[in-house]
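Here is what each chain is made of, one letter per residue.
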Amino acid sequence: MILEVQVMTTIYVNPDKKQDQIVKLSDGSYGVMKAKKERAGIAYQFNFTSHQHPGFVISHAPVNGDVENVDSIDGKQTFKIAWRS
């Protein structure tokens, strides 16, 4: 029996910056969060410098403590949003 271990990566977001910003991840890597206009409002796109993390889009403003499950070619990854100052 093979057990799949799910690792959660935390994305540290500055809640005072509502537009584009550089984000830091709990594994020490970095990424960018960009606000994009969508028909239904503002969506937030996350892209990462490390190839081990897939980019993804959320259709709402980031919320402290939110967990996002992302399917990628390498399997499912889980990200947690956390505020940083």
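All values reported here derive from a predicted model rather than from experimental measurement.

Reading the values: rules and limits
- Every chain is numbered on its own, with residues counted from 1 as its sequence reads.
- In view of the model being predicted, local features appear only for residues whose pLDDT reaches at least 70, and side-chain atom pairs are presented and counted only at 80 or more, with totals across whole chains, interfaces and linings using the full set of residues.
- Side-chain calculation: all heavy atoms of the structure are included, whereas hydrogens and water are not.
- Here a helix means four or more residues in a row that DSSP labels H or I, a strand means two or more in a row labelled E, and each is numbered from the N terminus.
- The reference for a compact globule is 2.2 Å times residues^0.38; the radius of gyration itself is calculated from the C-alpha atoms.
- Only protein chains enter the accessibility calculation, which uses a 1.4 Å probe; a residue whose area is less than 20% of its type maximum is buried, one above 50% is exposed, and one in between is partly exposed.
- Contacts are assigned to residue pairs with any non-hydrogen atoms lying within 4.5 Å of each other.
- Pairs of strands are assigned from DSSP output, requiring at least two bridges between the strands.
- Inter-axis angles, ranging from 0 to 180 degrees, are taken between N-to-C directions of lines fitted to C-alpha atoms, where helices are fitted over the stretch in contact.
- Residues enter patches when their relative accessible area tops 30% and they take part in no salt bridge; the joining distance is 9 Å for like charges and 5 Å for the nonpolar side chains Val, Leu, Ile, Met, Phe, Trp and Tyr.
- Accessible surface area values rest on a Shrake-Rupley calculation with a 1.4 Å probe, where residue burial reflects the displayed protein chains alone.
- We define a salt bridge as a side-chain nitrogen of Lys or Arg found within 4 Å of a carboxyl oxygen belonging to Asp or Glu.
- Confidence of the predictor in every single residue is expressed as pLDDT, which spans 0 to 100.
- Within this scheme, the nonpolar core is defined by two criteria: the residues are buried Ala, Val, Leu, Ile, Met, Phe, Trp, Tyr or Cys, and they are joined through side-chain atoms within 4.5 Å.
- In summary, the pairing rule links any two rings of Phe, Tyr or Trp, Trp by its six-membered ring, whose centres are within 6.5 Å, and it sorts them by plane angle into stacked for under 30 degrees, edge-to-face for over 60 and tilted for everything else.

Remarks on the overall build of the protein
Within the protein one finds zero helices and seven strands. For 85 residues, the compact-globule formula gives about 12 Å, and the C-alpha radius of gyration of the protein, at 13 Å, lands near that figure. Structurally, the protein occupies a C-alpha span of about 45 × 30 × 20 Å along its principal axes. In the protein, buried positions account for 33% of the 85 residues. Of the contacts made within the protein by residues no fewer than 6 positions apart, 30% connect residues no fewer than 24 positions apart.

Comments concerning the sheet that holds strand β3 (residues 30-38)
Judged by pairing direction, the sheet is mixed, and its seven strands sit side by side in the order β5-β4-β3-β2-β1-β7-β6 without closing on themselves. Of all strands in the sheet, those bounded by a partner on one side alone are β5 (56-58) and β6 (67-72). Strand-to-strand twist in this sheet, taken as the mean axis angle between neighbours without regard to direction, amounts to 30 degrees. Note: strand β2 (residues 21-25) against β3, four bridges, orientation antiparallel.

As for the side chain of Thr10
Here Thr10 shows up in strand β1 (residues 8-13). The contacts of Thr10, once residues within four sequence positions are left out, are Lys24, Leu25, Ser26, Lys80 and Ala82.

Some details on a nonpolar patch on the surface
On the surface, a cluster of nonpolar side chains totalling about 270 Å² of accessible area is made up of Ile22, Tyr30 and Val32. Structurally, Tyr30 is set in strand β3.

A closer look at the confidence of the model for the protein
The pLDDT averaged across the protein works out to 91; a share of 93% of its residues lies at or above 70. Within the protein, the element-level pLDDT minimum falls on β6, averaging 94, and the maximum on β2, averaging 97.

Focus on the nonpolar core
Core analysis: the biggest nonpolar cluster contains 13 residues, and Ile11, Val13, Val23, Phe46, Phe48, Phe56 and Phe79 have the highest contact counts within it. If you list the elements that add at least two residues to this core, you get β1, β2, β4 (41-48), β5 and β7 (75-83). In terms of residue count, the dominant contributor to this core is β4 (three residues).

Focus on the packing of aromatic side chains
How two aromatic rings sit relative to each other is given by the distance of their centres and the angle of their planes. Per the stated rule, a full pass over the model turns up four aromatic pairs. Here the aromatic rings of Phe48 and Phe79 are separated by 5.5 Å at their centres, their planes lie at 10 degrees, and the arrangement is stacked. Of this pair, Phe48 sits in strand β4 while Phe79 sits in strand β7, placing them 31 residues apart in sequence. The exposure class assigned to Phe79 is buried, which follows from its relative accessible area of 0%.

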